[in-house]
Amino acid sequence: QMHESESFEKVAAAREHGDHGVDIRLTVRRYAWHMLGTAGNWFLFDIVFYANGLFNGDVTSIINLGFEGRKEITVKGLLIVMMMLPGYFVGVAF
């Protein structure tokens, strides 16, 4: 039979006595920096992503590739995505 860890034994004993709760204060204290870092990164990502979408038309209106209609929109969209990719790679690397 496999040996259970000490923390598992404590939780199992507490649950046998009807304690199924989680102390939210301890959880927040333990993971506060993780939650703040995650929320901050998503906030910055949203700002950058929204700005790229907001100014997409301004940037692509300058570019003339010789296409028309849906093909022009598709190519310009792909071009914007290709411009954004290096920033994502740098963000992941650091």
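Higher on the page you've got the structure.
Residues numbered from 1 in each chain as written. Predicted model: local features only at pLDDT ≥ 70, side-chain atom pairs only at ≥ 80, totals over all residues. Heavy atoms only, no water.

What follows concerns the pattern of salt bridges. Taken as a whole, this structure holds 2 salt bridges when the rule is applied. One salt bridge in this structure joins Glu6 and Lys10, with 3.7 Å as the shortest N-O distance. One end of the pair, Glu6, and the other, Lys10, are both in helix α1 (residues 6-16), 4 residues apart, so they sit about a helical turn from each other. In this structure Glu6 comes out as exposed when scored by relative accessible area, which is 59%. Taking relative accessible area as the criterion, Lys10 reaches 54% and is therefore assigned exposed. Across the pair Lys76 and Glu72 runs a salt bridge, and its minimum N-O distance is 2.9 Å. (Salt bridge = Lys/Arg side-chain N within 4 Å of Asp/Glu carboxyl O. Helix = DSSP H or I, 4+ residues; strand = E, 2+ residues; numbered from the N terminus. Buried < 20%, exposed > 50% of the residue type's maximum accessible area, 1.4 Å probe, protein only.)

With 24 residues, helix α4 (residues 70-93) should cover 34 Å at 1.5 Å per step; its first-to-last C-alpha distance of 35 Å lies within 8% of that length. Along α4, the helix axis deviates most sharply at Met84, where the bend reaches about 25°; the proline Pro86 sits within four residues downstream. When we look at burial in α4, the residues that qualify are Lys76, Ile80 and Met84. (Expected span 1.5 Å × (residues − 1). Bend = angle between axes of the 7 residues up to and from the residue.)

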